[in-house]
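The lines below spell out each chain.
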Amino acid sequence: FALTVDAPEGRTTLVIEPPVSVVENSSTPSPSPGPSIQPNSPLPQIRLQPQREPSSLAISEPEIATLPEEVEQAEPASEPELNEDETNVIELPTLTDSDPFVFETLQTLQNGIALVGALAEDQIVRKFVVFVENISRGEFPQTGLPYKGLGQEMPVSEIDDNLFVMDQVAHSRFDQVVGTFVETDTDAAVIIYRMLSPLFQQAYAEIGFRNVSFDETLRAAINNVLRTTNMEGPYQLVKPSVMYLYADSSIENLAEVHKQLLRIGPDNTSALKAKLREFLTRL
């Protein structure tokens, strides 16, 4: 049997052993701890066994970390979002006052100075619109052109009093004008045209085409030029009045725009058509 007793000095377990006979021993046993018991005592022998206190575990106190202070940061002011159309908006001048703006814009082209030098000096948008409208119908205006006149008479050779022949050097009068136009960067020219489109459309409405797209008229004008066929000279001319006319009625009856291409010569015509095709594909 065993009995556990809680005492102030600790927990004690009493072990009660069954009674046994005492065996004499010559050697004097060392006294055992606890209370002494007489031999042959009818009381059971009690052995005190003090138990060790459980070793205490070293428990470190938890460290309490100081939380960082939250600092409110002011968010940068968000910029207003602009769509692509808003970022590319350019305020155009009025149609009447558009010449300085148009000329300054054209001068940004690679050959802009030469191009502006070849153009008419005033009302360039209105003159360009009228010119294109005439070409779209196959006509060719004699006045109000968007480019400066050559200032040179057509050189001819006189056969008799009533018959003349256009000299081959007559075509070279247009070399500089056509060359300036052909050297213009097509992509940049299309961008400028798109930017000025509202002015072109307004000028087109002024001459009576309020519900017609000027883009379509420009395409028709370019296609009219591209449909013309080259004809080989020399060209015989007559002069019944101030203007020379083609002596061959089949040539004289051609559309005015076609006859103008004959005047600038086959080389200039081919270069002009190639540039217009390039512009038309981007338009």
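Above this text sits the structure in question.
Here the structure is a predicted model, which means the values were calculated and not measured.

Some points on helix 9 (residues 256-264)
Move 1: The buried count for helix 9 comes to seven of nine residues, which makes it a mostly enclosed element.
Move 2: Its buried side turned inward, helix 9 meets helix 4 (124-136), helix 7 (214-226), strand 7 (245-246), helix 8 (249-252) and helix 10 (266-282).
Move 3: Downstream of helix 9 by one or two residues, G265 has phi in the positive range, about 95°.

Examining the nonpolar core
Move 1: Among the nonpolar cores identified, the biggest contains 40 residues, and L106, V125 and F279 are the most heavily contacted of them.
Move 2: When residues of this core are traced back to their parent elements, those giving at least two are helix 2 (99-106), helix 3 (112-118), helix 4, helix 6 (186-206), helix 7, helix 9 and helix 10.
Move 3: With nine residues, helix 6 is the single largest residue contributor to this core.
Move 4: In this structure, M154, F164, M166 and Y246 belong to the second largest nonpolar core, which totals nine residues.

Concerning the packing of aromatic side chains
Move 1: Per the stated rule, a full pass over the model turns up 11 aromatic pairs.
Move 2: Ring plane angle 65° and centroid distance 6.2 Å describe the contact between F128 and F214, whose orientation is recorded as edge-to-face. Remark: F214 occurs in helix 7 and F128 occurs in helix 4; sequence separation between them is 86 residues.
Move 3: Taking relative accessible area as the criterion, F128 reaches 25% and is therefore assigned partly exposed.
Move 4: Plain terms: the ring middles of Y235 and Y246 are 5.9 Å apart, the flat faces sit at 85° to each other, and that makes the pair edge-to-face. With Y235 in the loop between helix 7 and strand 6 (236-238) and Y246 in strand 7, the pair connects residues that are 11 residues apart, well separated along the chain. Y246 shares its class with Y235; the two are buried.
Move 5: Members of the aromatic cluster, connected to one another through ring pairs, are F128, Y193, F200, Y204, F209, F214 and F279.

Conventions and cut-offs
- Residues numbered from 1 in each chain as written.
- Predicted model: local features only at pLDDT ≥ 70, side-chain atom pairs only at ≥ 80, totals over all residues.
- Heavy atoms only, no water.
- Buried < 20%, exposed > 50% of the residue type's maximum accessible area, 1.4 Å probe, protein only.
- Helix = DSSP H or I, 4+ residues; strand = E, 2+ residues; numbered from the N terminus.
- Contact = heavy atoms within 4.5 Å.
- Core = buried A, V, L, I, M, F, W, Y, C linked by side-chain atoms within 4.5 Å.
- Phe/Tyr/Trp six-rings, centres within 6.5 Å; stacked < 30°, edge-to-face > 60°.

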